[in-house]
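Spelled out, the chains give:
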Amino acid sequence: MLKDPREFRDIIQNASSVISEGVFRVSSKGLVMKELDPSRIAMLEFDFPPSAFEKLEVEEDEKLGVNLEELLNVLKRLRPEDTLTLESDKGKLTVSLTLNKYTRSFKIPLLDLGGQETPTINVQFTSKYNILSDALSSGVKDAATVADEVVFSSSKDGTLLISASSDKGSVEQRLTKESGMILDAEVSEEATAKYSLQYLETVTSFRGTPSVVLEFAQDKPLHLEYKMADGASFHFILAPRL
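Computed from a predicted model, the values in this text were never measured in an experiment.

Turning to the layout of surface pockets, a few remarks are in order. Estimated volume of the largest pocket: approximately 590 Å³. In terms of lining residues, the largest pocket is bounded by 20 residues, among which Glu 57, Val 58, Leu 86, Glu 87 and Ser 88 are the most central. Contributions of two or more residues to the lining of the largest pocket are made by strand E1 (21–27), strand E4 (62–67) and strand E5 (83–89). Element by element, the count of residues in the lining of the largest pocket is highest for E5, at five residues. Of the residues that constitute the lining of the largest pocket, the class distribution is 12 nonpolar, two polar and six charged.

Spelled out as structure tokens, the structure:
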């Protein structure tokens, strides 16, 4: 039983914008999913440790292949006061939504996805920002009005420039600590990198945390990390456009 069903729903909604199916790795350490998108330009990972559960009972480690779109359809039926319980049995994932003593149970067929490990991506980031989630989402949405890609540029003074341009026009947003939009910045080396907005616009619309950690380096992948109060986390890595 999860502590925050709506948090789980929102993360699944974000994940399903990148991949349609994935493997839940369930153990006494919690629930983890780490997958590449079909084009292999993006990777996402979410982790729900024991602290994110009201109750976690695992008889043995499992790898559960799940259609995220089907799961999301069920999670959209969550009501504000519902509790959420996940159980696996006989090739099915049972999703139970309970209010008081009234329970609605949905069964979703599990998929045989092989459960191969997704490789770890090691990047030496030179720019790291703790930025308000709304500020990042706004900058990305602004970029999407004129282009299909966005440019992030870091400065040693902690400024972050979000820009985009095309034959439709251009847009630029300069974020600073003084504006209150950047909570912290560590820039060991100034960098500029360009990324596709295909997934980024949807992923940055996540509102599960007030702030997000953003990391990048010169023409290297972008890393976003959302950390929830209950210990759950959501990571997104996106390859650069060169």
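Even without being glycine, Lys 90 reaches a positive phi, approximately 55°. For Lys 90, the location among the structural elements is in the loop between E5 and strand E6 (92–99). You will see that Asn 100, though not glycine, has its phi angle at about 55°, which is positive. Of note, Asn 100 is situated in the loop between E6 and strand E7 (102–109).

Moving on to the sheet that holds E5. Across the sheet, which stays open at both edges, the three strands sit in the order E5-E6-E7 with antiparallel pairing between neighbours. Only two strands of the sheet have a single neighbouring strand rather than two, namely E5 and E7. Geometrically, the sheet is characterised by an average inter-axis angle of 20° between neighbouring strands, direction not taken into account. Pairing analysis gives seven bridges linking E5 to E6, with the strands arranged antiparallel. Residue pairing in the sheet places Leu 84 in a bridge with Leu 97 of E6.

Conventions adopted
Residues numbered from 1 in each chain as written. Predicted model: local features only at pLDDT ≥ 70, side-chain atom pairs only at ≥ 80, totals over all residues. Heavy atoms only, no water. 1 Å grid on protein atoms, 1.4 Å probe; cavity = no way out; pocket = protein on both sides within 12 Å on 5 of 7 lines; lining within 4 Å. Points joined across faces, edges and corners; volume = space filled by probe spheres on them. Helix = DSSP H or I, 4+ residues; strand = E, 2+ residues; numbered from the N terminus. Nonpolar A, V, L, I, M, F, W, Y, C, P; charged D, E, K, R; others polar. Pairing = 2+ DSSP bridges. Axes fitted to C-alpha atoms, helices over the stretch in contact; angles between N-to-C directions.

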